[in-house]
Structures are given as C-alpha cells and as structure tokens.
Amino acid sequence: MNRVRLRQATVADAGLLERWQQPAYIGEFNRFGIPPRPLRDEIREHGLVGSDRGALIVELVADSTPIGTVSWHPELYGPNAESVAWNIGINLIPEGRGRGYGGEAQRLLADWLFASTAANRVEAMTDVENVAEQRALEKAGFRREGILYGSQFRGGAWRDLVVYSLLRAQAGSPPTIASG
Ligand SMILES: CC(C)(COP(=O)(O)OP(=O)(O)OC[C@H]1O[C@@H](n2cnc3c(N)ncnc32)[C@H](O)[C@@H]1OP(=O)(O)O)[C@@H](O)C(=O)NCCC(=O)NCCS
C-alpha cells in the first residue's frame, strides 16, 4: 500500500510551488542557483504536464499533505521516437525526507510514464555523494548502471553522477494520477 500519491498541480498550488523554489526547500544536490520563476500561467495552461516534460506534486495518502515534486524530461538515445527515454527528478521538502517517500514517489512516476507513453526506459541521475537518493532509487527497483564523470556543474565545481534505470519489462501496475 503506497503512502504517497502523485497529482497534477492546480492554480491553487501556484503559491506553494513558487515558495518551494527557494533554497530552504531545495535539497543541496538540486541547488543550481537558478532564480525562482512564476508558475501560475504555466499551471493554468497545462497543469505543469506538457507534451514532452512535466512535474507532479507528491502528497501523503493519509491526509493529502503536499511534500514535494517529481519531474521528467526526455533524453534522446537515437534519432527515432523509440529511442527517447524519460529522465526523472525529485525534490521533497525537508519535512518529507527520511521516511522512505522518495523511492515510492519515483516508482509511481516511472510506472505512470510507462503506462502513459511508449518509452522503454526511465532513468535517474544523482550526485555520487547523494547517498539518500541512491538508496531511494535502489529500494524503488532501479538498477545502478555507472558513473557519468564530470557531467554536472554545481556549486562551483564539476560533479560525477550515478546513473540508474528502470526498463518497461519491470513496470508495475499504473497508478492513478489525479488531474488538476
Ligand atoms: C533524495 C530523496 C529523494 C530521498 O528520498 P527519502 O524518502 O528522503 O529517502 P529515504 O527516507 O528512503 O532514505 C534513503 C536511504 O538513504 C539513507 N541516507 C540518507 N541520508 C544518508 C547519508 N547522508 N548517508 C548515508 N545514507 C543516508 C537513509 O538511511 C535511507 O536508507 P535505508 O532505507 O537503507 O535506511 C529526498 O530526501 C529528497 O528529495 N531530497 C532532496 C532533493 C534531492 O536530493 N533530490 C535528488 C536529487 S538528484
């Protein structure tokens, strides 16, 4: 039984999601010094779920408290449509961390992406020092594949990322995502 679920953002979430762009809510491995941007219009247009990328709110099943977001964008491994993989990301706010929700949320996102698109591969990358995310992905069934050396520039230095994947053959039953 899942303790978290994913749902589409509504205009009522705009203030919350804008606040979550401040450094206090962003995990150190997700901090790139990118200035917060207004989200209200984007949410009104497509609820943050675009045709080739998007974000969903992670909330507790027990009382619907929102605890963070998951997101996805395409990664191209060839010129044809079949070679597009989804690269996913997550940011739980501090109160949502350390309780095992991160793996659950990312697994729900992967299963939903397999059910709603034709992609064969969902991948996640994280800093070699982000042990919590590595454990969360492993608990969610993702396979550790290797290191992308010097691939990410964050906090004034080049970082090494660990790559994880989940393939369609391992997809679970698709979760229901409440729309906005
Ligand atoms: C990373 C994140 C998704 C992990 O989800 P979570 O629900 O907090 O993770 P969990 O509670 O399942 O903890 C994961 C594991 O990491 C371990 N862990 C956490 N911090 C650790 C550390 N600094 N060193 C070693 N292990 C650590 C926990 O003990 C746990 O292990 P266990 O399940 O074997 O006991 C979440 O904390 C988060 O959103 N953090 C901020 C943003 C971020 O880093 N996103 C990923 C960027 S790529």
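My aim in this report is to walk through the structure given alongside it, one point at a time. The structure displayed is predicted, hence computed values, not measured ones.

Once that is clear, we can look at the overall build of the chain. Across its full length, the chain carries four helices and seven strands. Across the chain, helices and strands are ordered from the amino to the carboxyl terminus as β-α-α-β-β-β-α-β-α-β-β. Taking 180 residues into account, the globule formula puts the C-alpha radius of gyration at 16 Å, and the chain, at 16 Å, falls close to it. When its C-alpha atoms are laid out on the principal axes, the chain stretches across 40 × 40 × 35 Å. Residue burial in the chain is summarised as follows: out of 180 residues, 42% are buried. By sequence separation, contacts in the chain at least 24 residues apart represent 62% of the contacts at least 6 residues apart. Total accessible area on the chain stands at roughly 9,700 Å², and carbon and sulfur atoms take up 53% of it.

Let us look at the site of the ligand. Close contacts around the ligand come from 20 residues, with G98, G100, G102, R135 and K139 the closest. The separation between a nitrogen atom of the ligand and a polar main-chain atom of I90 is 3.0 Å. Side-chain polar atom of R135 to an oxygen atom of the ligand: 2.8 Å apart, as the coordinates give it. Notes on the ligand: free accessible area 950 Å², of which the protein chains cover 68%. Of all elements in the fold, only β4 (84–92), α3 (101–116), β5 (121–127) and α4 (131–139) reach the threshold of two or more residues within the shell around the ligand. Looking at the shell around the ligand element by element, the count peaks at six residues for α4. Taken together, the residues of the shell around the ligand sort by class into seven nonpolar, eight polar and five charged.

Membership of the largest hydrophobic core comes to 30 residues, with the highest contact counts inside it found for L6, L109 and F142. Secondary structure elements with two or more residues in this core: β1 (4–7), β2 (54–60), β3 (66–76), β4, α3, β5 and β7 (157–167). A total of eight residues in this core trace back to one element, the largest contributor, which is α3. The contact partners of L6, leaving out residues within four places of it in the chain, are L56, I57, V58, V70, A105, L108, L109, T176, I177 and A178. A14, L17, W20 and L48 belong to the second largest nonpolar core, which has 10 residues in total.

Before going further, it helps to examine the pattern of salt bridges. Should the charged atoms of two oppositely charged side chains come close, the side chains can pair. Applying the stated criterion to the full structure yields 12 salt bridges. Residue D111 is joined to R107 by a salt bridge in which the shortest nitrogen-to-oxygen separation is 3.3 Å. Here D111 pairs with R107, and both are found in helix α3, just four residues apart, close to one helical turn. One salt bridge connects R154 with D127, and the closest N-O pair in it is separated by 2.6 Å.

Take α4 next. Taken together, the buried positions of α4 are occupied by E133, Q134, A136 and L137. Seen end-on, α4 carries its buried residues on one side only, within an arc spanning 165°. Turned more than 90 degrees away from the buried face of α4, the exposed residues are V131, A132 and K139. Along its buried surface, α4 packs onto β4, α3, β5, β6 (143–154) and β7. Phi for G141, located one or two positions after α4, is positive at around 100°.

Moving on, we get to the packing of aromatic side chains. Going through the model one piece at a time under the given rule, you end up with two aromatic pairs. Seen in terms of ring centroids, W72 and W112 are 5.4 Å apart; in terms of plane orientation they differ by 70°. Their pairing is edge-to-face. In this pair, W72 sits in strand β3 while W112 sits in helix α3, placing the two residues 40 residues apart along the sequence. Comparing W72 with W112 shows no difference in burial state: the two are buried.

Criteria and thresholds
Residues numbered from 1 in each chain as written. Predicted model: local features only at pLDDT ≥ 70, side-chain atom pairs only at ≥ 80, totals over all residues. Heavy atoms only, no water. Helix = DSSP H or I, 4+ residues; strand = E, 2+ residues; numbered from the N terminus. Rg over C-alpha atoms; globule rule 2.2 N^0.38 Å. Buried < 20%, exposed > 50% of the residue type's maximum accessible area, 1.4 Å probe, protein only. Contact = heavy atoms within 4.5 Å. Areas by Shrake-Rupley, 256 points an atom, 1.4 Å probe, with all protein chains shown as cover. Near = heavy atom within 4 Å. Polar contact = N/O pair within 3.5 Å; in protein donor to acceptor, adjacent residues only side chain to side chain. Nonpolar A, V, L, I, M, F, W, Y, C, P; charged D, E, K, R; others polar. Core = buried A, V, L, I, M, F, W, Y, C linked by side-chain atoms within 4.5 Å. Salt bridge = Lys/Arg side-chain N within 4 Å of Asp/Glu carboxyl O. Arc of directions from axis to C-beta. Phe/Tyr/Trp six-rings, centres within 6.5 Å; stacked < 30°, edge-to-face > 60°.

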